Each structure stands twice: as structure tokens, then as C-alpha cells.
Amino acid sequence: MTFPALSNITRPSAQKIVLRVSANAEKNIRRGHPWVFEKSILKQSRHGAPGELAILFDAKREFLAIGLYDPTSPIRVRILQSGKPAVINSNWLQEKIHTASALRQPLNAPHTNGYRLVHGENDGLPGLVVDRYADALVVKLYTPAWIPYLKEICGAFPSYKYIVLRFSRSAQKQTAALQGLADGSMLTSHTPPGAILFKENGIIFECDPINGQKTGFFLDQRENRERIRNLSQHKTVLNVFSYTGGFSLYAAAGGAKAVTSVDLSLPATQAVLRNIKHNQRLPEVRATKFETLTEDAFKALTEMKASGRKFDLVILDPPMFAQNQMQVEAALSAYRRLTQLGLSVLKSGGILAQASCSSRVSAERFFESIHQAAQAARRPLQEIQRTGHALDHPIAFKEGAYLKCLFAIA
Ligand code: SAH
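Computed from a prediction, not measured in an experiment: that's the story for all the values here. (Residues numbered from 1 in each chain as written. Predicted model: local features only at pLDDT ≥ 70, side-chain atom pairs only at ≥ 80, totals over all residues. Heavy atoms only, no water.)

### Here's the deal with the overall build of the protein
Here's step 1: Secondary structure summary: the protein contains 11 helices and 20 strands in total.
Here's step 2: Computed over C-alpha atoms, the radius of gyration of the protein comes to 23 Å, within 12% of the 22 Å expected from 2.2 N^0.38 for 410 residues, which places it in the range of a compact globule.
Here's step 3: Dimensions of the protein, computed from C-alpha atoms along their principal axes, come out at roughly 65 × 45 × 35 Å.
Here's step 4: Out of the 410 residues in the protein, the part that is buried amounts to 56%.
Here's step 5: Long-range contacts, defined as pairs at least 24 residues apart, comprise 65% of the intrachain contacts of the protein with a sequence gap of at least 6. (Helix = DSSP H or I, 4+ residues; strand = E, 2+ residues; numbered from the N terminus. Rg over C-alpha atoms; globule rule 2.2 N^0.38 Å. Buried < 20%, exposed > 50% of the residue type's maximum accessible area, 1.4 Å probe, protein only. Contact = heavy atoms within 4.5 Å.)

The following block contains the structure:
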């Protein structure tokens, strides 16, 4: 396979950068943490370009780790291997990708062909995400340090027709380091004729890997969506922060009477309507009454509360509220506000499903906040389930554990 967009990518110097890091960083690396911050570097043999290999030695001058160097990020080195030395080459990379793909094999079934194949740090490939949507792959880079290795990464997936390259927001800012590659570039010579259609538990969704949020779909909520399907029969469902209607379609497929989807983004609510069309072969979906509102969630909930509208099941899946440690308290207060608004439109005895994807907010504090808010609203909760990560989103370090969701009766 050839990747025309990658023909001009230059390889970094073969000579490695040698680093010494602080005692604290050394301790963290030994515990398996994959990041070395700029401020913990004590000594450095030379400056380097994104993607060069950096070798770290400990205080006794023995091998500590080897990683990818990135001068454009405060996360200066992403650890590829620690403890015992390794030759980081094409074989090493293929093997890591193969191990990550093999872990997802149980998900690859006729009724599901959308899932995460590589989950960055948590699969030993820090800063690299690969998502599959049917015969399309999205390679998303959180650091330009992976650019020199893109040919090998794409080469590890020979059976995919389309490969789209995406960059995280912070990587996009480093345009000089991106070697002429733009966010949304097609790496394969074929371009998909339109939106990509894929299946998740038998439900068809379209995704737009080039312009969509994340890599085009929120694959991490697959199992929670399945739980919603099992709770929806004969219910009226409110899906707040619906994006393209993931939870909405599952609720409908599970026999919901009516589903209301709310999202601020017009492309997202327009995609909800198309996803409803894609599933008209399912009698349950045909029988559901759908409504979509392109509106701010807090405003929509407040209006529904004022007009006395009530639902049997309310789903709240907001975007990340805490980008850093300083925003944690504000995020918790926003979660409490959402719980109260959600409960105000939930019938007595109805089900609340509330999720958080802020890695800075611990599961414990998140669940505690929901309970606090519910008690303050005199709607104490009876928990059904607390859920976390699915097989294709494994957790290998503290920051990797970001998703939590509470299912409760109020
Ligand atoms: N539940 C979705 C994923 C939700 S992601 C799924 O299963 O696919 C969070 C969504 O919140 C995004 O679609 C984003 O457009 C939307 N959003 C962000 N801020 C919002 C706001 N203030 N009001 C409503 N929607 C908002």
C-alpha cells in the first residue's frame, strides 16, 4: 500500500537524545507513568525534533526508559518502554499495534464494526489513537512526534480502504511541526464518497471522521448505550448532549415510545435525523416518535422544567467540564446543577443516567456530587449501576480512567 500524503515526511535523526530526569519523575516512570514533563528534565544532550527517540538514564546512569521526544509540548517525552531496553523500530511498533488489535477481537462481530483499536497511553502507544468505523480508520495524533512513523502505523492496517488523519487541538496549534499535514487529511488514495456508515450492536450510525467531534463518534459510550436500550421499553426518553443520537437510537431500538435529543451543535442534531433514517428497517425505531432540539442543554432543561414536561428516562452525557485541576470544583458544581435540572424533568420513579468524561474529576467525587444534588432536590437516588470503561478503552494509568456513569432510579 502507498500513502501519497506521506511521501515527503522526513525521518528524525537516528542519534538518540540522552536525558536525565528528576528523582520524582524517575519514580513515576518506574511505576509505569507514560509522561515526562519538560520541567522534570535535569539534563539533555541536545535539542531535538518531534519524533526523535530520547533515552532516559537514572541517577546511577542505568537505563530507565526510552520514549518519543516532543519539543512542542510540555509533555516532553512520551514513554514507549521502561525497565528493560528495547529497539524501537518498525517491528516493535507492529507488535504493539497487533497486541492492541488482538485485545479488541471479541468486539469484531457482524453486528459491531466500530470500536477503538489503539487507545494511546493505555495500549503502550502514548499520544496515538486509532478508531475503526467499518472499512475506515481514523488515526488521531495527540503529538506531532508520531508523524515520522505514520507510514508504519498505516502499514500495520493493510485491509482498510480509507485512513483519515486527525490531530488533537493542541497538536493542531503546532503547525510548523506537522510537516505539511492538515487535520482531516486522507492518507489513503481513496476518499470515502460520503459519510461512513458503521454498525454498533446492530444499529447503523453514520460518522464524519473528517469534521466530526473526537474521531467522528463517541465509541467509549457503546456499553452504556446498550444499557439504555435495555431500560427503554415503553418509555419516554430525554437524551441531553445527544451528539449524533447514539443513546437516542439505542433507546428507540429498545422500544422507547418517544425520544427527545438535545444538542447545541446543528451538524450533530442534523446527523440525529439521518441516523434515524438509517435504522428504519428496525420496527421499534419506526414506531418511536422523535424530536430533536438544537439548543443549549441548560436552557432547554430549564424551559422544560418551567413548562412541566416530564420523561421516564433522562440521559445526561455532557462534554468534558474540567480541562485542568483548577476547574474541578466548577465542573462538580456544573454536574450537580445538571443532576438537579435532569431530576426536575424526570417522573417520580424514573431513571437517571448521568456520565462524566472529565479525567480530572474522580469517579468517587462525581458519584458523590450526583447524590448530594439529588438529596438537595429531595429526590434521593436508588443506584442501579456504576459503570466505567469498555474493553476497547482499557486503563493503564491514572489519567486513563476518565469515563464514569451512574444509572439510578429517582
Ligand atoms: N452522548 C453522545 C456524546 C456526547 S458528547 C454520544 O453517545 O454520542 C457531548 C456533546 O455535548 C457534543 O455533541 C456537544 O456538541 C454537546 N454540547 C456541548 N456543550 C453543550 C451545551 N451547552 N448544550 C448542549 N449540548 C452541548
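### A few points about the packing of helix 9 (residues 297–307) against helix 10 (residues 328–344)
Here's step 1: Close contact between helix 9 and helix 10 brings their axes to 9 Å; oriented N to C, the two are set at 35°. Between helix 9 and helix 10 lies a crossing of left-handed hand. Two secondary-structure elements touch here, helix 9 through F298, L301, T302 and K305 and helix 10 through A334, R337, L338, L341 and S344.
Here's step 2: For the contact of helix 9 with helix 10, the residue count by class is five nonpolar, two polar and two charged. (Axes fitted to C-alpha atoms, helices over the stretch in contact; angles between N-to-C directions. Left-handed = near helix turned anticlockwise from the far one by under 90°. Nonpolar A, V, L, I, M, F, W, Y, C, P; charged D, E, K, R; others polar.)

### As for the sheet that holds strand 6 (residues 75–82)
Here's step 1: Spatial ordering of the open sheet is given by 2-6-5-4-1-3, a layout of six strands whose pairing is mixed. Each having just a single partner strand, strand 2 (35–37) and strand 3 (41–44) make up the two edges of the open sheet. Each strand of the sheet is rotated relative to its neighbour by a mean of 35°, with strand direction disregarded.
Here's step 2: The pairing of strand 5 (residues 63–69) with strand 6 spans five bridges and is antiparallel. What sits directly across from I66, in strand 6, is Q81. (Pairing = 2+ DSSP bridges.)

### Concerning the domain arrangement of the protein
Here's step 1: What the domain assignment reports for the protein is domain 1 (17–82), domain 2 (90–194) and domain 3 (218–409).
Here's step 2: For domain 2 and domain 3, the distance between their C-alpha centres works out to 28 Å.
Here's step 3: At the junction of the two partners, domain 2 supplies 14 residues and domain 3 supplies 11 residues.
Here's step 4: Buried surface at the junction of domain 2 and domain 3, summed over both partners, amounts to about 1,100 Å²; 67% is from carbon and sulfur atoms.
Here's step 5: In terms of surface lost to domain 3, no three residues of domain 2 exceed L107, H119 and N122, which account for 44% of the buried area on that side.
Here's step 6: At the boundary of domain 2 with domain 3, the tally comes to zero salt bridges.
Here's step 7: Put simply, domain 2 and domain 3 have three residue pairs in polar contact (both at pLDDT 80 or more) between them.
Here's step 8: Counting residues per element, the ones that place at least two in the side of domain 2 that touches domain 3 are strand 7 (114–119) and strand 8 (128–133).
Here's step 9: Looking at which element gives the most residues to the side of domain 2 that touches domain 3, the answer is strand 7, with four residues.
Here's step 10: Of the residues in the side of domain 2 that touches domain 3, the class split is five nonpolar, four polar and five charged. (Domains from an automatic or database assignment. Buried area = accessible area lost by both parts, 1.4 Å probe. Salt bridge = Lys/Arg side-chain N within 4 Å of Asp/Glu carboxyl O. Polar contact = N/O pair within 3.5 Å; in protein donor to acceptor, adjacent residues only side chain to side chain.)

### Comments concerning the site of the ligand
Here's step 1: Close to the ligand lie 15 residues; R225, D263, D296, A297 and D317 are nearest.
Here's step 2: D263 is positioned such that a nitrogen or oxygen atom in its side chain is 2.7 Å from an oxygen atom of the ligand.
Here's step 3: Among the residues forming the shell around the ligand, the class breakdown is seven nonpolar, three polar and five charged. (Near = heavy atom within 4 Å.)

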